[in-house]
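So you can see what is in the structure, the chains are spelled out below.
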Amino acid sequence: MAKRLWSVFTDDMDHCYYTGSPYVERHHIFEGRQGYKVKSERRGFVIPLRYDLHPNGARFVRTPENLKIDDKLKCMAQKYYEEHYGSRQEFMAEFGRNYL
């Protein structure tokens, strides 16, 4: 059975956050070392993106606009964290650095 992912940014995990396309991959805003992917899931920092906009996807299209998507999402997530979960210092302790 597949994992049920959720997002603090949208209730619709079946359509791209930016385009509304139904052809999506779920992007963990933070992933990689130190369990950031699991922390992203726990905090709701997952977002549906069309496959060509997904920064970690195999079919990502490297355009100047698309390259900014990951940074924008990290900033959105940090702002949300600071408004709902904890301080900037706590965010940096959990996700490794300041993105704002």
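Here, every reference points to the structure presented above.
Report on the accompanying structure. Residue numbers here run from 1 along each chain, matching the order of that chain's written sequence. Only residues with pLDDT of at least 70 get local features here, since the model is predicted, and only at 80 or more are side-chain atom pairs given and counted; chain-wide, interface and lining totals rely on the full set of residues. Hydrogens and waters are ignored; side-chain quantities use all the structure's heavy atoms.

**Describing helix 4 (residues 88–95)**
- Among all positions of helix 4, only Phe91, Glu94 and Phe95 are buried. The buried residues of helix 4 occupy an angular sector of 75 degrees when projected down its axis, which confines them to one face. Exposed residues lying more than 90 degrees from the buried face of helix 4 are Gln89 and Ala93.
- On the buried face of helix 4, the contacting elements are helix 1 (36–43) and helix 3 (69–84).
- A run of DSSP states H or I qualifies as a helix once it reaches four residues; a run of E qualifies as a strand once it reaches two. Both are numbered from the N-terminal end. Count one or two residues on from helix 4 and you reach Gly96, which has phi positive near 90 degrees. Only protein chains enter the accessibility calculation, which uses a 1.4 Å probe; a residue is then buried when its area is under 20% of its type maximum, exposed when over 50%, and partly exposed in between. In this description, the arc belongs to the directions extending from the helix axis to the C-beta atoms. The criterion used for residue contact is that any of the two residues' heavy atoms lie within 4.5 Å.

**Quick word on the environment of Lys74**
- Structurally, the position occupied by Lys74 is in helix 3.
- In this structure Lys74 comes out as buried when scored by relative accessible area, which is 12%.
- Each C-alpha atom, one on Lys74 and one on Glu94, is 13 Å from the other, the two residues being 20 residues apart in sequence.
- Aside from chain neighbours lying at most four places away, what touches Lys74 is Ile29, Phe30 and Tyr99.

**So, the pairing of strand 2 (residues 46–50)**
- In terms of burial, strand 2 is a largely internal element, four of the five residues being buried.
- Two strands make a pair as long as DSSP finds a minimum of two bridges between them. Bridge count for strand 1 (residues 24–28) against strand 2 is five bridges, and the pairing is antiparallel. Residue His27 lies in a different strand from strand 2, and its bridge partner there is Ile47.

**Quick word on the packing of aromatic side chains**
- Any two of the Phe, Tyr and Trp rings considered here, Trp counted by its six-membered ring, make a pair once their centres fall within 6.5 Å; the pair's planes then place it as stacked at under 30 degrees, edge-to-face at over 60, or tilted in between. Summed over all chains, the structure comprises 17 aromatic pairs.
- A centroid spacing of 5.7 Å and a plane angle of 65 degrees characterise the contact between Tyr81 and Tyr85, whose relative ring orientation is edge-to-face.
- With a relative accessible area of 3%, Tyr81 lands in the buried category.
- Measuring from centroid to centroid gives 5.2 Å for Phe91 and Phe95, while their planes differ by 35 degrees, and the two rings are tilted. Note that Phe91 and Phe95 are positioned in helix 4 at a spacing of four residues, about one turn of the helix. Side by side, Phe91 and Phe95 carry an identical accessibility label, which is buried.
- One aromatic cluster is present, formed by Phe9, Phe30, Tyr36, Phe45, Tyr80, Tyr81, Tyr85, Phe91, Phe95 and Tyr99 through successive ring pairs.

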